[in-house]
Amino acid sequence: MGTIGLVGAGFLRANPLGFPIGCQTWPVRDTIGKDLDGTLKELAGMGFERIEMCSPPGYAQMGFGPLAQMKPAALRARIHAAGLGCESCHFGFGELRDHLDERIAFAQELGLKQMIISTFWLPKDAKMSDWMGAVDQANKFGEKTAKAGLQLGFHNHDFEFHKIGGELIYDRLMGEFDPKLVKMQFQVSVISLGYHAADYFEKYPGRFISIHLQDWSPAEKKEVALGTGVVDWKHLFAAAKKSGARNYFVETERADLAASAQFLKGLS
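Residues numbered from 1 in each chain as written. Predicted model: local features only at pLDDT ≥ 70, side-chain atom pairs only at ≥ 80, totals over all residues. Heavy atoms only, no water.

1. Description of the overall build of the chain
In step 1: Scanning the chain for helices and strands turns up 10 helices and 12 strands.
In step 2: Taking 2.2 N^0.38 as the reference for a compact globule, 268 residues should give roughly 18 Å; the C-alpha atoms of the chain span a radius of gyration of 18 Å, in line with that estimate.
In step 3: Counting only C-alpha atoms and orienting by the principal axes, one finds that the chain spans roughly 55 × 40 × 40 Å.
In step 4: With 268 residues in all, the chain has 50% of them scored as buried.
In step 5: Positive and negative side-chain charges of the chain, numbering 30 and 31 respectively, have mean locations separated by a distance of 4 Å. (Helix = DSSP H or I, 4+ residues; strand = E, 2+ residues; numbered from the N terminus. Rg over C-alpha atoms; globule rule 2.2 N^0.38 Å. Buried < 20%, exposed > 50% of the residue type's maximum accessible area, 1.4 Å probe, protein only. Lys, Arg positive; Asp, Glu negative; His and termini not counted. Charge placed at Lys NZ, Arg CZ, Asp CG, Glu CD.)

If you want it as structure tokens, here you go:
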């Protein structure tokens, strides 16, 4: 390998896990539909190299609606023009249930590798049987996405880290999701409830596809910029090597995005 190759290889290893630093677009929902190019340029300027989209029709009422009028190939071109890549997108469970074929076509044209269910959005009083019914549907979705060359994933919020009849919902999900058809995207913010991402990466090796990064301040009782809270990031990324994760996305308050990206660049 020549000098240029060695430099390139070293650069690729500079970020945690050797993957490009990513950002979820939810924190920039207020502007992404109004000024797509400006918002993408802003994220690239912060040091992000990848973004994770939210489904424009599924998140139409939350700032992404104008993007639904754009052809996925055109959206992809605009993302690339900003120097960014996009291989993952969040979808509502309901929109996949009602429009799965259309969303698969969107994902393929956008150039995605992953389609992520942004939780099941079940009511607080849902029974475990309700959760398991949703799991059955998700496994069926996963059969179709797999045939289309796409990996389906499931993103947790706090809901899955509550117990029903003494059983943690998340553990039950891990027991019922087809481990090949539905991979997991772990949201680190559940540290606010006392649950650590690293523990789950070690408990369920190979079951994850992605990570959402947040940090937590017990004193302020809020999410904060990465590196300023209580998450043990070196332990997390060491454990993540066993997890199977192929990317990670910062999802903090917009004001904390730039500092979080810089923290990750200096972490390795």
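2. Let's talk about the environment of Leu43
In step 1: Topologically, Leu43 is positioned in helix α3 (residues 36-46).
In step 2: Of the residues examined, Leu43 reaches a relative accessible area of 0% and is grouped as buried.
In step 3: A sequence separation of 15 residues divides Leu43 from Val28, and the C-alpha atoms of the two residues are 9.0 Å apart.
In step 4: Among all residues touching Leu43, those that are not within four sequence positions of it are Cys23, Val28, Phe48, Ile51 and Leu257. (Contact = heavy atoms within 4.5 Å.)

3. Focus on helix α6 (residues 128-147)
In step 1: For α6, built from 20 residues, the straight-helix expectation of 28 Å at 1.5 Å per residue is met to within 8% by its first-to-last C-alpha distance of 29 Å.
In step 2: For α6, every residue scored as buried is listed here: Met128, Trp131, Met132, Ala134, Val135, Ala138, Asn139, Phe141, Gly142 and Thr145. (Expected span 1.5 Å × (residues − 1).)

4. Focus on the environment of Arg97
In step 1: Residue placement: Arg97 occurs in helix α5 (residues 93-110).
In step 2: Under the relative-accessibility criterion, Arg97 is labelled partly exposed at 46%.
In step 3: Sequence spacing of Arg97 and Ala138 is 41 residues, and the spatial spacing of their C-alpha atoms is 8.7 Å.

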